[in-house]
Each structure stands twice: as C-alpha cells, then as structure tokens.
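So the chains spell out like this:
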Amino acid sequence: MNKPKHIAIIMDGNGRWAQKQGLKRIKGHEAGAEVVRSITEYCAKNDEINRLTLYAFSTENWKRPRLEVEFLMKLLEKYLKKELPTYLKNGIRFEAIGDIRAFSSNLQKTILHVEEATKKGDALVQSLALNYGSHNEIVRAFNKLKTKENITEEMLYNALDCKEDVDILIRTGGDKRLSNFLLWQAAYAELFFLNTLWPDFSAKELEKIIHKFKKIERRFGGLK
Ligand code: FPP
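This section reports on the structure supplied with the text.

1. Section: the overall build of the protein
Okay, step 1: A count of helical and extended segments in the protein gives seven helices and six strands.
Okay, step 2: Its helices and strands taken in sequence order, the protein reads β-α-α-β-α-β-α-β-α-α-β-β-α from the N to the C terminus.
Okay, step 3: Along the first, second and third principal axes, the C-alpha atoms of the protein reach 50 × 40 × 35 Å.
Okay, step 4: Relative to its full complement of 224 residues, the protein shows a buried share of 52%.
Okay, step 5: Summed over all atoms, the accessible surface of the protein reaches about 12,100 Å², with 53% contributed by carbon and sulfur.
Okay, step 6: Averaging the coordinates of the 39 positive side-chain charges in the protein and doing the same for the 30 negative ones gives two points 4 Å apart.

Below, the structure written as structure tokens:
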C-alpha cells in the first residue's frame, strides 16, 4: 500500500471564507493559521507522514494590497514565535523553502531561529513555502550549481530547496491548478482538488484523502 510520506498543500480560500461571513479577508488568514496548526499536529502524530509542505506565501503574492501582505508577514512571525513550544513538544522540525531574503530582517531572524531550535525534531518536517515559486527555486538551483559539467537530474534535485518527491498534493478553494508550487517535486504526485475553503479543512478530510491515496495504483510511468 502507498505511504503518504510527503504531503503538500496549496491552502486556498481564506479570503472567500472571511467574505462569506461578512468579515475582512485578514480574518480568513487568521482562521487559516489555526488550521495550519491542527493539520501539522495531525501529521506529526501520523507515523507514515514525514514531511508536510504548505504554500504560505508565493513569489506572486507580493502583488496583493500592501496591507494584506504586511498582515501576512506579521501573522507568520507571530505564528512561528507562538508555535515554537508546540514544535518542540511534538518533535516537529520547521524549515522554510523559498527565497526568504526578500523578508524583513526580523522575520528572517525568526525563521532561522525556529529552524535552528527545532533541527532535532524527528516526527515530522513542517516545511513552509515562503516567497516560494517553483520557477524561482529552479533558477536558483541552476545558479548554485555553477559547473561546466553536464547537469544531471540528481545534481539539480540536490540543489533545489525541497529535495523530496511529493506523494499527495492537495489544493483547497475550488481551483484546479498548481500555481507554481513544487512543479519538479510533484511530477508523480497524486492530485486532490477540493472545494473546501482552507479555514474549513480538517484532519478528518485529510484522513479521507489518505485513505483514497492508499488505494491508488501508482505506476510511475511503468506497467502494473
Ligand atoms: C490563499 O487564500 C492563502 C494565502 C495566500 C496565504 C496562506 C496563509 C495562511 C493559510 C495563513 C497563514 C499561514 C501561516 C503558516 C501562519 P486567498 O487569500 O487567496 O483566498 P481567496 O482565494 O479566497 O481570496
């Protein structure tokens, strides 16, 4: 049976969730952060899941209104500081993927501090994609290689921020696209597109997806 070792999620629908209830979009992001916590804890307790990669801020999200971007930055910093004890208690290693050099120096320091403090966690890697876009990741990987040799798939993979194939890729919020997320790593991922808005997503819904995933016949381009 398939093991859901690496789960990746495009957490879409926060703004619509808030607007549906007459709230400001930022309230949807706050509610979304609570779901990040509960899904992370669920994954840490599930022995089959090693890595959870969450798309928290894309290289394209800078195009949003300045106040929303600022709110997301503050929410992220607050979340990381508040979650540190939970990470440590549950054996969660936090890591950021993406080009965090674009963030304020305080936020960068918090990210590096939480990465360092949790580096011994062995129950789960919670990887937050921050100022992340696959195109940007692949270009940075090529630039890191700086070699005249022919580049192999393995060399390129090792230079990417995320070095692990995705098993399950989920997108909430009703759209069916990958939005520049883990394009290389999701080459053989099983894709699940849900109408659920991210703040309504739950561990129960994730469990159902894992159940379906286990029954899929994955051939990776070969024959049965
Ligand atoms: C997409 O919803 C969501 C984002 C761009 C940000 C994701 C952020 C969170 C889930 C909360 C903060 C995360 C952490 C780790 C603290 P949207 O705003 O595009 O929703 P819409 O499509 O309904 O407008």
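2. Quick notes on the pairing of strand β4 (residues 124–132)
Okay, step 1: Counting buried positions over the nine residues of β4 gives nine, a clear majority of the element.
Okay, step 2: In terms of strand pairing, strand β2 (residues 51–58) meets β4 through seven bridges, oriented parallel. Bridge pairing in β4 places Thr 53 opposite Ser 127.
Okay, step 3: Sheet analysis places strand β3 (residues 92–97) next to β4, joined by six bridges and oriented parallel. Bridge pairing in β4 places Ile 97 opposite Ala 129.

3. Quick notes on the side chain of Asp 12
Okay, step 1: Within the secondary structure, Asp 12 is located in the loop between β1 (6–10) and α1 (14–20).
Okay, step 2: For Asp 12, a relative accessible area of 18% gives the class buried.
Okay, step 3: Excluding residues that lie within four positions of it along the chain, Asp 12 makes contacts with Arg 171, Thr 172, Gly 173, Asp 175, Thr 196, Leu 197 and Trp 198.

4. What about the site of the ligand?
Okay, step 1: Within the structure, the ligand sits among 16 residues, and Asp 12, Gly 15, Arg 16, Arg 25 and Arg 64 are positioned closest to it.
Okay, step 2: Note that an oxygen atom of the ligand is positioned 2.9 Å from one of the side-chain N or O atoms of Asp 12.
Okay, step 3: At 3.3 Å, a backbone N or O of Gly 13 approaches an oxygen atom of the ligand.
Okay, step 4: In isolation the ligand offers 620 Å² of accessible surface; the protein chains occlude 91% of this area.
Okay, step 5: For the shell around the ligand, the secondary-structure elements that each account for two or more residues are α1, α2 (25–45) and α3 (66–89).

5. Section: the environment of Phe 193
Okay, step 1: With respect to the helices, strands and loops of the structure, Phe 193 is situated in strand β6 (residues 190–193).
Okay, step 2: The class for Phe 193 is partly exposed, based on a relative accessible area of 29%.
Okay, step 3: Phe 193 sits 69 residues away from Leu 124 along the chain, and the two C-alpha atoms are 24 Å apart.
Okay, step 4: Each residue touching Phe 193, except ones within four places of it in the same chain, is listed here: Arg 171, Asp 175, Lys 176 and Arg 177.

6. Brief notes about the pattern of salt bridges
Okay, step 1: Considering all chains together, one arrives at 18 salt bridges under this definition.
Okay, step 2: For the salt bridge of Asp 12 with Arg 16, the shortest nitrogen-to-oxygen distance reads 3.6 Å.
Okay, step 3: The shortest N-O distance in the salt bridge between Lys 119 and Glu 116 comes to 2.6 Å.
Okay, step 4: Judged by its relative accessible area of 48%, Lys 119 falls in the partly exposed class.
Okay, step 5: A cluster of three or more residues bridged by salt bridges with shared partners is formed by Arg 51, Arg 93, Glu 95 and Glu 164.

What counts and what doesn't
Residues numbered from 1 in each chain as written. Predicted model: local features only at pLDDT ≥ 70, side-chain atom pairs only at ≥ 80, totals over all residues. Heavy atoms only, no water. Helix = DSSP H or I, 4+ residues; strand = E, 2+ residues; numbered from the N terminus. Buried < 20%, exposed > 50% of the residue type's maximum accessible area, 1.4 Å probe, protein only. Areas by Shrake-Rupley, 256 points an atom, 1.4 Å probe, with all protein chains shown as cover. Lys, Arg positive; Asp, Glu negative; His and termini not counted. Charge placed at Lys NZ, Arg CZ, Asp CG, Glu CD. Pairing = 2+ DSSP bridges. Contact = heavy atoms within 4.5 Å. Near = heavy atom within 4 Å. Polar contact = N/O pair within 3.5 Å; in protein donor to acceptor, adjacent residues only side chain to side chain. Salt bridge = Lys/Arg side-chain N within 4 Å of Asp/Glu carboxyl O.

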